[in-house]
Amino acid sequence: MKITEIPASSLDPKPFIRAQTEAIAAAVGDAKAITALSGGVDSAAVTVLGHKALGKKLIVCFIENGLMRKGEPQQVVRTFRELGIKVKVIDARQAFFDALRGIRDPEQKREAITRTFYRDVFGKLVRESGARFLLQGTILTDVEETVAGVKRQHNVLAQLGIDPQEAYGYAVIEPLVQLRKDGVRKLAKALGLPKSTYERMPFPGPALAARVVGEATPESIELVRKATAIVEEVLANVRKFQCMAILHEDQFTGIRKGRREFGRQIEVRCWDSVDARTATPVWLTPRLLSLLAARLTKEVPGVVSVTYNIASKPPSTMEAV
């Protein structure tokens, strides 16, 4: 089914909110729905829309998959508590790391995360809660990249011929699927979400697993989590669409305290974009590049090399994996 895009320039948030809340309420009826917050603007906007439409019939969860940024669960719970929305944190770290064990191929990693999220973790939540619907923040760019074979986004199902009702036992509602990221930001602002949420950088569905080249072990995720925190802190005042740290799997020769050390490489990416369809690298100053290199090699254990991506999208993509 063809999706009709609503560009951000044409989006009138008030009637869109009214239409979507009415559609959600009509679809769910007297049943319950469930949604998973990730901390990003897409899932945040969907959660507020769902709360407006369903009130206490919406169960809001944060899936702690062990792949999120530093302090993510606490920040999400705090933000939504202030909006009067209760968030239940589900510890599913073991399930995700078990599913990722031994997998190195990027698409196989994404498939493992998708399967674990929808079938194992959410399937159990749905059975326990009695919810019949999953409300999720799929946007148009997610669908396009998946259908085109660029990379599979974990939240794209029907467009790949997957019937979630048959496969997982619940139906999926996607209120944002006609929008791109700039449209979602506009909507989120109108919904009353804080600036820290509606202007927040995009974060991939596979989370930090999309920023580890090779197997996403607990150890490699912890390294890229520390590197991510440093990159986001150093580049906090840089005008950008998104920035990130990528952990490469090869060993690199370095030297520390006068002795040879085989260590890891962090690749830094910082993008300028509007809607993530195309992007160009931000040309950081030598001072910032030097600061990134110094902090990453000093504060992230085992890192001996730091590089900066200068390729545009396309042919590059914003996430490495």
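Caption draft 1: Expanded view of the overall build of the chain. Each helix and strand counted, the chain has 11 helices and 10 strands in total. Relative to the globule expectation of 20 Å for 321 residues, the C-alpha radius of gyration of the chain, 20 Å, shows essentially globular dimensions. Counting only C-alpha atoms and orienting by the principal axes, one finds that the chain spans roughly 70 × 40 × 40 Å. Residue pairs in contact within the chain that sit at least 24 positions apart in sequence constitute 75% of those at least 6 positions apart. Carbon and sulfur atoms form 51% of the exposed surface of the chain, whose accessible area is close to 15100 Å². One finds the centroid of the 48 positive side-chain charges in the chain at a distance of 5 Å from the centroid of its 36 negative side-chain charges.

Caption draft 2: Fine view of the pattern of salt bridges. Within the structure shown, the criterion is met by 18 salt bridges. The salt bridge partner of glutamate 267 is arginine 269, with a shortest N-O separation of 2.7 Å. For the pair formed by glutamate 267 and arginine 269, the shared burial category is buried. Linked through salt bridges whose partners overlap, the residues forming this network are Arg69, Glu72, Arg200 and Glu232.

Caption draft 3: Expanded view of the side chain of aspartate 42. Inspection of the secondary structure assignment puts aspartate 42 in helix H2 (residues 41-54). We classify aspartate 42 as buried; its relative accessible area is 11%. Ignoring anything within four residues of it in the chain, the contact list for aspartate 42 reads Gly137, Ile139, Leu176, Lys181 and Val184.

Caption draft 4: Spotlight on the packing of H2 against helix H8 (residues 181-190). Packing of H2 against H8 leaves a shortest axis separation of 9 Å and a crossing angle of 45°. With respect to H8, the axis of H2 lies oblique. Note that H2 runs across H8; the crossing there is left-handed. The segment H2 lies against H8, with Val41, Asp42, Ala45 and Leu49 engaging Lys181, Val184, Arg185, Leu187 and Ala188. For the contact of H2 with H8, the class distribution of residues is 6 nonpolar, no polar and 3 charged.

Caption draft 5: Spatial organisation of the nonpolar core. Of all hydrophobic cores here, the largest spans 89 residues; its most connected members are Ile63, Phe80, Phe122, Leu176, Leu187, Leu235 and Leu296. In contact with isoleucine 63, other than residues within four places in its own chain, are Ala36, Leu37, Ile90, Ala92, Phe96, Phe117, Val121, Phe122 and Leu125. Counting 7 residues, the second largest nonpolar core, distinct from the first, contains Met244, Ile246, Trp271 and Ala276.

Calculation criteria
Residues numbered from 1 in each chain as written. Predicted model: local features only at pLDDT ≥ 70, side-chain atom pairs only at ≥ 80, totals over all residues. Heavy atoms only, no water. Helix = DSSP H or I, 4+ residues; strand = E, 2+ residues; numbered from the N terminus. Rg over C-alpha atoms; globule rule 2.2 N^0.38 Å. Contact = heavy atoms within 4.5 Å. Areas by Shrake-Rupley, 256 points an atom, 1.4 Å probe, with all protein chains shown as cover. Lys, Arg positive; Asp, Glu negative; His and termini not counted. Charge placed at Lys NZ, Arg CZ, Asp CG, Glu CD. Salt bridge = Lys/Arg side-chain N within 4 Å of Asp/Glu carboxyl O. Buried < 20%, exposed > 50% of the residue type's maximum accessible area, 1.4 Å probe, protein only. Axes fitted to C-alpha atoms, helices over the stretch in contact; angles between N-to-C directions. Parallel < 35°, antiparallel > 145°, perpendicular 65-115°, else oblique. Left-handed = near helix turned anticlockwise from the far one by under 90°. Nonpolar A, V, L, I, M, F, W, Y, C, P; charged D, E, K, R; others polar. Core = buried A, V, L, I, M, F, W, Y, C linked by side-chain atoms within 4.5 Å.

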